[in-house]
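Residue-level structure breakdown
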Amino acid sequence: MAGGAFVSEGGGGGRSYEGGVTGFVIVTCVVAAMGGLLFGYDLGISGGVTSMEEFLSKFFPQVERQMEKARHDTAYCKFDNQMLQLFTSSLYLAALVASFVASVITRKYGRKVSMFTGGVAFLIGALFNAFAMNIAMLIIGRLLLGVGVGFANQSTPVYLSEMAPAKIRGALNIGFQMAITVGILVANLINYGTSKMAQHGWRVSLGLAAVPAVVMVIGSFVLPDTPNSMLERGKYEEAKQMLKKIRGAENVDHEFQDLCDACEAAKKVEYPWRNIKKSKYRPALIFCSAIPFFQQITGINVIMFYAPVLFKTLGFGDDASLMSAVITGVVNMLSTFVSIYAADRYGRRLLFLEGGIQMFICQLLVGSFIGARFGTTGTGTLTPATADWILAFICVYVAGFAWSWGPLGWLVPSEICPLEIRPAGQAINVSVNMFFTFLIGQFFLTMLCHMKFGLFYFFASMVAIMTVFIYFLLPETKGVPIEEMGRVWKQHWFWKKYIPDDAVIGGHDDAKPV
């Protein structure tokens, strides 16, 4: 087929290694995935806080004046304020820079050190925000949170991909996305509760970010290092013992040899940032750049960042806007279970394509409903029925993202890079993700003010483009050991011209493109 799907004779995606799924590796991956709580909590908390009147009156009084003016003017521009958007977006600019530093630390000192650094930075940032007395303290706190997110998002998906057996790598890696969705939901619930407090509710919301940070710091101490990371630092015997432990088998010679071969090849690569531009790494470079770009251009963080603000813009009351955000958070978390079940059974491509179609339809419908009620002037009101329909289609949209582009946007880039360029590839993935997250966070409310309901049509068109991109260019990576991913590219109708024959090493040539 044109999309270059990949199947393997015998039902596997490459060499079959000894051992199975052990309780040790599952517990280890669950603990590591808690790093996603940092990212998720922040995604969920900022939108609720920026819709709280006490917070706005203390730090952004001009926004309150805009909201009053919008009662008689256009509803689309209620929250259009660059400084307010900078409070949300500054975190992701810091995460972009931090991800490059984290890639060096991850390679030299291991995944655990990066996870620990991320947790400490996030903890300090949470305390800055909780005790903020002015905008400067808020922004400094957000920047420190960004450093934490950059380190955690760079190291955790790589850690999960390296620890998990190939046949359940998707399910365990998606645990990271599950932790993100749990963080978002918990943040939404906390915002709903703290909004009832007479004062300082926003301080409680921002300060509780310290909890997932402490979890991350403790986890980084108790988790073992991955065999790949040990090999990178010359700890061969320790790496083999750890591989035996996580696979639950004594005979791991074949897998260990493949890991050693990959490590030796990686050590010959002195400059991973220069090497990732080589022809044989072209598919990894393209997907580590394109997938995070497309993940953000779906418009999902419009919902994750600004759900309460968006619902207030559309005329929902204070309680209704926060509760609607809680509802979308519940849908987001529950839908992620679909990807945990399906990613290793039905493959990545099917989820990408179905999720894309679902999101495309919902964006068109939400834009049409908003356009019908508010037009281009931004004057109008929502009937209860229309409000319910908009909320329903946003939930269906969130569900589509939660079982496709949400988890797979982190899983696929982390599993397609060979060891010698893996830190660089993951750094590109995180930095591109953070850069476009920053742009969405900084300019969405301004875009809504100027593009009005047409903004949702813009996101729908982007979803259509990225779905076509996946259909034609992404091969299936389900069940393929990371060290043998070169075979997948070599047998793809488009990417094979970039992969030299000597780049495909190890394994059995028993797979065929269809």
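Being a predicted model, the structure only gives us computed values, none of them experimental. (Residues numbered from 1 in each chain as written. Predicted model: local features only at pLDDT ≥ 70, side-chain atom pairs only at ≥ 80, totals over all residues. Heavy atoms only, no water.)

Okay, the overall build of the protein next. Within the protein, the regular secondary structure consists of 23 helices and 2 strands. Per-residue burial for the protein yields a buried fraction of 62% across its 514 residues. Taking as baseline every contact in the protein between residues at least 6 positions apart, the subset at least 24 positions apart corresponds to 81%. For the protein, the exposed area adds up to about 18400 Å²; of that, 67% sits on carbon and sulfur atoms. (Helix = DSSP H or I, 4+ residues; strand = E, 2+ residues; numbered from the N terminus. Buried < 20%, exposed > 50% of the residue type's maximum accessible area, 1.4 Å probe, protein only. Contact = heavy atoms within 4.5 Å. Areas by Shrake-Rupley, 256 points an atom, 1.4 Å probe, with all protein chains shown as cover.)

According to the stated counting rule, one finds 29 aromatic pairs in the structure shown. Above the ring of Phe 87, the side-chain terminus of Arg 142 is found at 4.8 Å from the ring centroid. (Phe/Tyr/Trp six-rings, centres within 6.5 Å; stacked < 30°, edge-to-face > 60°. Lys NZ or Arg CZ within 6 Å of the ring centre and 35° of its normal.)

A surface patch of nonpolar side chains, about 630 Å² in accessible area, is lined by Val 27, Val 31, Phe 116, Val 214, Ile 218, Phe 221 and Val 222. Elements supplying a minimum of two residues to the nonpolar patch: α1 (23-33) and α10 (210-222). Looking at which element gives the most residues to the nonpolar patch, the answer is α10, with 4 residues. Here Val 222 is to be found in helix α10. (Patch = residues over 30% accessible without salt bridge, like charges linked within 9 Å, V, L, I, M, F, W, Y side chains within 5 Å. Salt bridge = Lys/Arg side-chain N within 4 Å of Asp/Glu carboxyl O.)

Following both chains from N to C, one finds helix α18 (residues 348-374) and helix α19 (residues 384-402) inclined at 160°, their axes separated by 8 Å at the closest point. On the basis of the axis angle, α18 is roughly antiparallel to α19. In the packing of α18 onto α19, the handedness of the crossing is left-handed. The residues of α19 that touch α18, namely those facing Gly 355, Gln 358, Met 359, Cys 362, Gln 363, Leu 365, Val 366, Phe 369, Ile 370 and Arg 373, are Thr 386, Trp 389, Ile 390, Phe 393, Ile 394, Val 396, Tyr 397, Ala 399, Gly 400 and Phe 401. (Axes fitted to C-alpha atoms, helices over the stretch in contact; angles between N-to-C directions. Parallel < 35°, antiparallel > 145°, perpendicular 65-115°, else oblique. Left-handed = near helix turned anticlockwise from the far one by under 90°.)

With that settled, the discussion passes to the environment of Ser 404. Looking at where Ser 404 falls in the secondary structure, it is placed in the loop between α19 and α20 (405-415). Taking C-alpha positions, Ser 404 is 8.4 Å from Thr 336, a pair spaced 68 residues apart along the chain. When residues no more than four places from it in sequence are discounted, the contact partners of Ser 404 are Leu 351, Phe 352, Gly 355, Met 359 and Gly 409.

Nonpolar side chains in soluble globular proteins generally cluster together in the buried interior. Counting residues in hydrophobic clusters, the biggest one holds 137 residues, and the most contacted among them are Phe 55, Phe 287, Trp 405 and Met 434. With 11 residues, the top contributor of residues to this core is helix α21 (residues 422-451). Here this core spans two domains, since at least three of its residues come from each of domain 1 (23-62 + 71-225 + 269-503) and domain 2 (229-268). Here Trp 405 is in contact with Ile 291, Phe 294, Gln 295, Phe 352, Met 359, Met 466 and Ile 470, once residues within four sequence places are set aside. (Core = buried A, V, L, I, M, F, W, Y, C linked by side-chain atoms within 4.5 Å. Domains from an automatic or database assignment.)

Moving on to the confidence of the model for the protein. Scored by pLDDT, the protein has a mean of 83; 89% of the residues are at 70 or more. Across the protein, the element-wise mean pLDDT spans from 29 in strand β1 (residues 6-8) up to 95 in helix α22 (residues 454-473). In the model, residues 1-14 has pLDDT below 50 throughout and makes 45 contacts with residues more than four positions away in sequence or in other chains. Contacts of residues 505-514 to residues separated by more than four positions or lying in other chains number 28 contacts, the stretch itself having pLDDT below 50. (pLDDT = per-residue confidence, 0-100.)

Attention shifts here to the state of the cysteines. In the structure shown here, the tally under the stated rule is 0 disulfides. In this structure Cys 260 is a free cysteine whose sulfur lies 7.0 Å from that of Cys 263, the closest cysteine sulfur available. Looking at the unpaired Cys 417, the closest cysteine sulfur is the one in Cys 288, lying at 3.5 Å. Since its relative accessible area comes to 1%, Cys 417 is described here as buried. (Disulfide = S-S within 2.5 Å.)

We now examine α21. Of all the bends in α21, the greatest measures close to 50° and is centred on Phe 443. Within α21, 23 of the 30 residues are buried, which leaves it mostly tucked inside the rest of the structure. Looking at the residues trailing α21, positive phi occurs at Lys 452, about 60°. (Bend = angle between axes of the 7 residues up to and from the residue.)

A word on the packing of α18 against α20. Look at α18 against α20: their axes get within 10 Å of each other, and the N-to-C directions meet at 145°. In the packing of α18 onto α20, the handedness of the crossing is left-handed. Here α18 contributes Arg 348, Leu 351, Phe 352 and Met 359 to the contact with α20, which in turn contributes Trp 405, Leu 408, Leu 411, Val 412 and Glu 415. Across the contact of α18 with α20, the residue classes break down as 7 nonpolar, no polar and 2 charged. (Nonpolar A, V, L, I, M, F, W, Y, C, P; charged D, E, K, R; others polar.)

Moving on: the environment of Leu 143. With respect to the helices and strands, Leu 143 occurs in helix α7 (residues 135-163). Sequence spacing of Leu 143 and Ala 95 is 48 residues, and the spatial spacing of their C-alpha atoms is 7.8 Å. For Leu 143, the residues in contact, after removing those within four places along its chain, are Ser 90 and Ala 94.

What follows deals with the side chain of Ser 414. With respect to the element layout, Ser 414 can be found in helix α20. Among the polar contacts made by the side chain of Ser 414, one reaches the main-chain carbonyl oxygen of Trp 410 at a distance of 3.3 Å. Beyond its immediate sequence surroundings of up to four residues, Ser 414 is in contact with Pro 157, Val 158, Ser 161, Asn 173, Arg 422, Gln 426 and Ile 482. (Polar contact = N/O pair within 3.5 Å; in protein donor to acceptor, adjacent residues only side chain to side chain.)

Once that is clear, we can look at the pattern of salt bridges. Under the counting rule described, the total for this entry stands at 10 salt bridges. Arg 111 is the partner of Glu 232 in a salt bridge, and the nearest nitrogen-oxygen pair spans 2.8 Å. Here Arg 111 lies in helix α6 (residues 111-130) and Glu 232 lies in helix α11 (residues 227-232), a separation of 121 residues in the sequence. As far as burial versus exposure is concerned, Glu 232 and Arg 111 are alike and both buried. The closest approach of N and O atoms between Glu 415 and Arg 348, which form a salt bridge, is 2.9 Å. Residue Glu 415 is found in helix α20, and its partner Arg 348 is found in helix α18; the two are separated by 67 residues along the sequence.

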